[in-house]
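# A closer look at the structure
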Amino acid sequence: MLNRKTLRTLLALPAGIMLALLMAVPAQAALRVFACEPEWGALTQELGGTLVDVSVATSALQDPHQIQAKPSLIARARSADLVVCTGAELEIGWLPVLLQQSGNARVQAGQPGNFAAADFVRKLDQPTQLDRSQGDVHAAGNPHIQTDPRNFALVAAALGKRLQQVDPAHAAEYAKAQADFAQRWQQAIVRWTALAAPLKGAAVASQHKGFVYLYDWLGMKEVAVLEPKPGVEPTASHLQEVLASLKATPARMVLYSAYQDPRASEWLSKNAGIPAVKIAFTVGGTEGAKDLFGLFDDTLARLLAAGAAK
Ligand SMILES: [Zn+2]
């Protein structure tokens, strides 16, 4: 155990070294969490602290629609107590097979150990008729809920409850962390919303339909999308059509995600004379998006810089 003197010495050390030392101290078995995307890994870490051992399946530079169910991921799902993913079919191409191959009964769909964030928010872009025929990867509504911080508030409340359910011995600690996060997050939302006021009503183009929740939050208007359908690469002819449409309905900027090949956005930027803005999209997507708070600080800073450039 740590005595007071050791603790004081530890606290005087740089954070990174302190963390490494603390991790070397044997801890009691933490709840093993398998997060599909970095934002849910970060949120689980906020709510679980030292009670959880979070493993994130993908990085911000990977396309979350297109992940391979590799043996290393299957092994991680096998030992997980809780799986935290987006849902809304974002991971339909890889998560079902991964969970099946894991043979882990606790984390199968419908079990308490399987948490889908999109189940707890109002989904946008719900298709009126189901059509996956042309590669539409948003057939269950738009899954990119992490671009609106208000969705995190809803998901955090539900995830906090779920953590208490699967790890009841620490229910009080999860409840406390969730209340603390909710308060800090709410304050941040107020600050971000005020900061983003100049973006209200701004017409924008998107490379992928990845930002509908962001636009819904800030009152921005998507006037063009470079992918002809979600998940379908922009073609030269479609780009020409978008460029022509912007003559009648100009956009102030074009947004793309850190994981995407930026060439289509750069082409439009050059030809339409508007800035192309790289959006972190999740924790780790850009230098500034180091955690959930940084994700929105950085996103707004980039949008405001591009908006002001016009
Ligand atoms: Zn998508």
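Structure: above.
Read on for a plain summary of the structure. As the structure is a prediction and not an experimental result, all values here were calculated from the model.

Calculation rules
- Chains are numbered independently. Their residues run from 1 in the order of the written sequence.
- At least 70 in pLDDT is required for a residue's local features to be given in this predicted model, at least 80 for side-chain atom pairs to be given and counted, and no such filter applies to totals for whole chains, interfaces and linings, which use all residues.
- Only heavy atoms go into the side-chain values, all of them from the structure, while hydrogens and water stay out.
- As a rule, N, O and S atoms within 2.8 Å of a metal are its donors, except that Na, K and Ca use 3.2 Å; water is not among the atoms, so sites may look incomplete.
- Helix and strand assignments follow DSSP, with helices taken as H or I runs no shorter than four residues and strands as E runs no shorter than two, numbered in order from the N terminus.
- Exposure classes here rest on a 1.4 Å probe applied to the protein chains alone. A residue is buried below 20% of its type maximum, exposed above 50%, and partly exposed in between.
- Here the rule is simple: two strands pair whenever DSSP picks up at least two bridges between them.
- Think of each axis as a best-fit line through the C-alpha atoms, taken over the contacting stretch in the case of a helix, with angles from 0 to 180 degrees between the N-to-C directions.
- Nonpolar cores are built from buried Ala, Val, Leu, Ile, Met, Phe, Trp, Tyr and Cys residues. Side-chain atoms within 4.5 Å join them into one set.
- The criterion used for residue contact is that any of the two residues' heavy atoms lie within 4.5 Å.

### What about the coordination of the zinc ion?
Protein coordination of the zinc ion is provided by His 65 (NE2), His 138 (NE2), His 144 (NE2) and His 208 (NE2), with donor distances spanning 2.0 to 2.1 Å. Read in sequence order, the donor residues for the zinc ion give the motif H-x72-H-x5-H-x63-H. On the criterion of sequence distance, the pair formed by His 65 in the loop between strand S2 (52–56) and helix H4 (71–78) and His 138 in the loop between strand S4 (114–116) and helix H6 (149–166) is long-range, its members being 73 residues apart. With respect to class, His 65 is no different from His 138; both count as buried.

### Topic: the sheet that holds strand S8 (residues 276–279)
Strand pairing within a sheet occurs via backbone hydrogen bonds; the two strands may be parallel or antiparallel. The sheet built from four strands is open, its strands ordered S6-S5-S7-S8 with parallel pairing. This sheet does not close on itself; its edge strands, each paired only once, are strand S6 (221–225) and S8. If you compare each strand with its neighbour and ignore which way they point, the axes differ by 35 degrees on average. Bridge analysis of strand S5 (residues 203–206) against strand S7 (residues 253–257) gives three bridges, and the strand direction is parallel. Along S7, the bridge assignment pairs Ser 206 with Leu 255.

### Section: the pairing of S2
Pairing geometry for strand S1 (residues 31–35) and S2, over five bridges, is parallel. Within S2, the residue paired with Arg 32 across the bridge is Asp 53.

### Focus on the nonpolar core
If you look at the biggest cluster of nonpolar residues, it comprises 57 residues, and the most contacted ones within it are Trp 40, Leu 43, Trp 185, Trp 192, Leu 218, Leu 255 and Leu 303. Counting residues per element, this core draws most heavily on helix H11 (residues 292–309), which supplies seven residues. Excluding residues within four positions of it along the chain, Trp 185 makes contact with Pro 149, Phe 152, Ala 153, Trp 192, Leu 292, Phe 293 and Phe 296. The next biggest cluster of nonpolar side chains, apart from the first, holds 15 residues, and it includes Phe 34, Cys 36, Ile 74 and Val 83.

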